[in-house]
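# Breakdown of the fold
Here is what each chain is made of, one letter per residue.
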Amino acid sequence: QVQLVESGGGLVQAGGSLRLSCAASGRTFSSYAMGWFRQAPGKEREFVAAITWSVGRTYYTDSVKGRFTISRDNAKNTVYLQMNSLKPEDTAVYYCAAGLNLGGNIYISDNYAYWGQGTQVTVSS
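In what follows, the accompanying structure is described. (Residues numbered from 1 in each chain as written. Predicted model: local features only at pLDDT ≥ 70, side-chain atom pairs only at ≥ 80, totals over all residues. Heavy atoms only, no water.)

## So, the state of the cysteines
Heads up, the condition is: The disulfide criterion used throughout: a pair of cysteine sulfur atoms within 2.5 Å. Every helix listed is a DSSP run of H or I at least four residues long, and every strand listed is a run of E at least two residues long, numbered separately from the N terminus. Residue burial is assigned from relative accessible area. The probe radius is 1.4 Å, only protein chains are included, and a residue is buried under 20% of its type maximum, exposed over 50%, and partly exposed in between.
The tally for this structure, following the rule as stated, stands at one disulfide. Sulfur-sulfur distance for the disulfide between Cys22 and Cys96 comes to 2.0 Å. One quick way to see it: the torsion about the S-S bond of Cys22 and Cys96 is about -75 degrees, and its sign makes the bridge left-handed. Of the two residues, Cys22 is situated in strand β3 (residues 18-25) and Cys96 in strand β9 (residues 92-100); the sequence distance between them amounts to 74 residues. You can call Cys96 buried: its relative accessible area is 0%.

This is the structure in structure tokens:
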């Protein structure tokens with residue numbers, strides 16, 4: 001049974017940093033892409049960043065480029081999202097997700113088969 005467990009959310013002032021973690025278990029993820037999505041109140045879930053487990057290729061939405069960094073630790077089966085220079089508009093529930101052989105569909109949430117429970121990130125102004 002696949003499990004994705006996020007941690008690391010919290011309350012931070014604008015300009016601060018947080019690191020989210022996503023611990024994955026239940027299968028071999030070498031052919032998977034791992035993504036981070038977020039959903040703010042009243043808004044649709046949106047893509048934030050993704051990484052391919054095998055080669056570590058990364059993808060980002062434009063609004064977080066230069067501020068967020070996604071990475072993975074193969075030994076720990078864990079994916080991280082380092083978030084720097086946080087802004088109030090980054091406030092949302094952040095979800096970790098896993099999808100198989102996504103290719104160009106890596107940005108689309110519907111293509112991810114497994115999801116974590118989410119972790120709240122709140123950035124105060």
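We are not done yet, so read on.
## Here's the deal with the pattern of salt bridges
Going by this rule: The term salt bridge refers to a pairing of a side-chain nitrogen on Lys or Arg with a carboxyl oxygen on Asp or Glu at a separation within 4 Å.
Counted under the stated rule, the structure contains four salt bridges. A salt bridge links Lys65 to Asp62; the shortest N-O distance between them is 3.0 Å. Taking the relative accessible area as the measure of exposure, Asp62 reaches 62% and is therefore exposed.

## Regarding the sheet that holds strand β1 (residues 3-7)
Going by this rule: Two strands form a pair only when DSSP identifies at least two bridges running between them. Helix axes are fitted only over the stretch in contact, all axes being lines through C-alpha atoms; the angle between N-to-C directions runs from 0 to 180 degrees.
Pairing in this open sheet of four strands is antiparallel, and the strands run β1-β3-β8-β7 from one edge to the other. Edge strands, defined here as strands with exactly one partner in the open sheet, are β1 and β7 (68-73). Across the sheet, the mean angle separating the axes of adjacent strands is 15 degrees when strand polarity is ignored. Where β7 and strand β8 (residues 78-83) come together, six bridges link them in antiparallel fashion. Within β8, the position partnered with Ile70 by the bridge is Leu81.

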